[in-house]
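For reference, the chains in residue letters:
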Amino acid sequence: MLLPSWAREYIYPLRIPTPFAVGDVFSYLIKDEKNVLIDCGYYSKKAEEDLDKLLKEEGLILADLDEIWLTHGHPDHFGQAAHLGNLSGAVIYGHPKEQDNFGGGDNQELFRTFFEEHQIPKTFVNQMIEQLDWLQQFSEPLRPKPIQEGEELSSGSLSVVVKHTPGHAPGHVVFDTQKGLIFGGDLLLEHISTNALINFDPDTEQRNKSLLQYRNSLKWISGQKGVVLPGHGNLIKDIGGVANHHLTEHENRYQKIQMLLEKRPMRLMEIAQRLFAEAIEKGATFLVLSEVMGYLDWGIQEGTMTSEVTSNGIIFKMP
Ligand SMILES: [Zn+2]
Ligand SMILES: [Zn+2]
């Protein structure tokens with residue numbers, strides 16, 4: 001990962017392996033007047049040892065951390081933040097819309113209601129709940145200091161502006177140095193398309209139209225100049241190109257679902273099985289349902305699709 005020359009003096013990408021399908025996660029050390037970590041890896045002895053080793057290569061120990069700035073509340077990015085905070089006294093920042101992901105709320109009931117409304121078969125619901133339970137072990141609950149859109153954080157000589165970029169997660173943020181360098185979390189990845197996951201607004205408990213939010217966030221970043229330091233994969237130089245690639249991919253899938261509904265009305269799970277049977281077979285049901293729900297939200301917003309509550313669950317159809 002080759003950083004712009006001005007940044008090489010004090011920004012260090014730390015690559016932490018994870019047990020998740022996404023692979024390694026990047027944490028970024030800013031070694032300045034303060035020692036800051038942007039994201040920090042999941043909660044486990046292994047990730048702590050990995051981070052400890054990476055910090056030592058830069059002449060630091062875990063106790064030297066002053067602040068941790070979190071892009072969002074997925075375990076690979078924030079899981080060991082509370083633990084690191086205990087070890088070092090570091091002040092931890094994150095967006096308040098992420099409170100359910102950070103462990104401050106409980107939205108299992110909201111998910112259950114959603115699955116029921118769509119009549120998702122029990123075997124799949126149980127599988128998804130099991131996966132969520134498995135994930136719990138990789139994070140410790142956390143109440144970070146809240147940061148808001150437009151707020152500035154500083155490590156000393158480097159400042160970043162917080163940009164709220166919801167979609168992948170309701171309180172996802174990126175940190176913009178406004179010097180052509182953006183710490184992007186999972187907003188923009190080169191090698192994989194980021195999922196706009198089914199999620200709920202912690203204040204209203206309403207389900208977010210996460211794909212529509214995510215597309216707005218992508219459109220914002222597509223117009224930014226410079227490079228993105230992502231949470232996974234290569235540093236991104238062609239920001240507009242990568243963002244537009246993902247936007248176009250969404251548009252193609254959106255059309256596929258429209259074509260499917262032209263034949264006959266269908267429920268969420270039916271569409272999911274028609275288009276992504278293989279992924280469901282591999283256990284990625286939650287990702288698939290999130291994806292399909294995103295296109296259905298989009299169609300309903302544009303008026304190309306409608307939904308109807310029936311005794312057999314919600315069905316989607318052409319208007
Ligand atoms: Zn994520
Ligand atoms: Zn991630």
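Residues numbered from 1 in each chain as written. Chains lettered and ligands numbered in written order. Predicted model: local features only at pLDDT ≥ 70, side-chain atom pairs only at ≥ 80, totals over all residues. Heavy atoms only, no water.

### Concerning the overall build of the protein chain
In step 1: On a plain count of helices and strands, the protein chain comes out with 11 helices and 14 strands.
In step 2: Against the 2.2 N^0.38 benchmark of 20 Å for 319 residues, the protein chain shows a C-alpha radius of gyration of 20 Å, consistent with a compact globule.
In step 3: Each principal axis of the C-alpha atoms in the protein chain carries an extent, and together these give about 60 × 35 × 35 Å.
In step 4: Of the roughly 14200 Å² of accessible surface on the protein chain, 48% is carried by carbon and sulfur atoms. (Helix = DSSP H or I, 4+ residues; strand = E, 2+ residues; numbered from the N terminus. Rg over C-alpha atoms; globule rule 2.2 N^0.38 Å. Areas by Shrake-Rupley, 256 points an atom, 1.4 Å probe, with all protein chains shown as cover.)

### Observations regarding helix H9 (residues 239-263)
In step 1: Along its 25 residues, H9 runs 38 Å from first to last C-alpha, staying within 8% of the 36 Å computed at 1.5 Å per residue.
In step 2: Every buried residue of H9 is accounted for by Ile239, Gly240, Val242, Ala243, His246, Leu247, His250, Tyr254, Ile257, Gln258, Leu260 and Leu261.
In step 3: Buried residues along H9 sit in contact with helix H8 (210-222), strand S11 (227-230), strand S12 (266-267), helix H10 (268-281), helix H11 (285-302) and strand S14 (313-317). (Expected span 1.5 Å × (residues − 1). Buried < 20%, exposed > 50% of the residue type's maximum accessible area, 1.4 Å probe, protein only. Contact = heavy atoms within 4.5 Å.)

### A look at the environment of Gly185
In step 1: Following the sequence through the fold, Gly185 ends up in strand S10 (residues 181-185).
In step 2: When its relative accessible area of 4% is taken as the criterion, Gly185 is described as buried.
In step 3: Between the C-alpha atom of Gly185 and that of Gln258, which follows or precedes it by 73 residues, the distance is 31 Å.
In step 4: Discounting residues that sit within four places of it in the chain, Gly185 has contacts with Asp39, Thr71, His77, His172, Leu229, Pro230 and Gly231.

### Focus: the coordination of the zinc ion (ligand 2)
Around a metal, the ideal angle is 109.5 degrees if four donors adopt a tetrahedral arrangement and 90 or 180 degrees if six donors adopt an octahedral arrangement.
In step 1: Each protein donor to the zinc ion (ligand 2) is listed here as His77 (NE2), Asp186 (OD), Asp186 (OD) and His232 (NE2); together their distances run 2.1 to 2.7 Å.
In step 2: One chain supplies every donor for the zinc ion (ligand 2), spaced along it as H-x108-D-x45-H.
In step 3: A separation of 3.5 Å is found between the zinc ion (ligand 2) and the zinc ion (ligand 1), which are bridged by Asp186. Residue Asp186 is located in the loop between S10 and H8, and its partner His232 is located in the loop between S11 and H9; the two are separated by 46 residues in the primary sequence.
In step 4: For Asp186, a relative accessible area of 5% translates into the label buried. (Donors = N, O, S within 2.8 Å, 3.2 Å for Na, K, Ca; no water.)

### Some remarks on the coordination of the zinc ion (ligand 1)
In step 1: Here the zinc ion (ligand 1) is held by His72 (NE2), His74 (ND1), His168 (NE2) and Asp186 (OD), and the distances to it run 2.1 to 2.3 Å.
In step 2: Every donor counted, the four donor atoms about the zinc ion (ligand 1) form angles of 90 to 177 degrees at the centre, which fits irregular coordination.
In step 3: Linear spacing of the donor residues for the zinc ion (ligand 1) on their chain is H-x1-H-x93-H-x17-D. (Tetrahedral: all angles 85-135°; square planar, octahedral: opposite > 155°, others 65-115°.)

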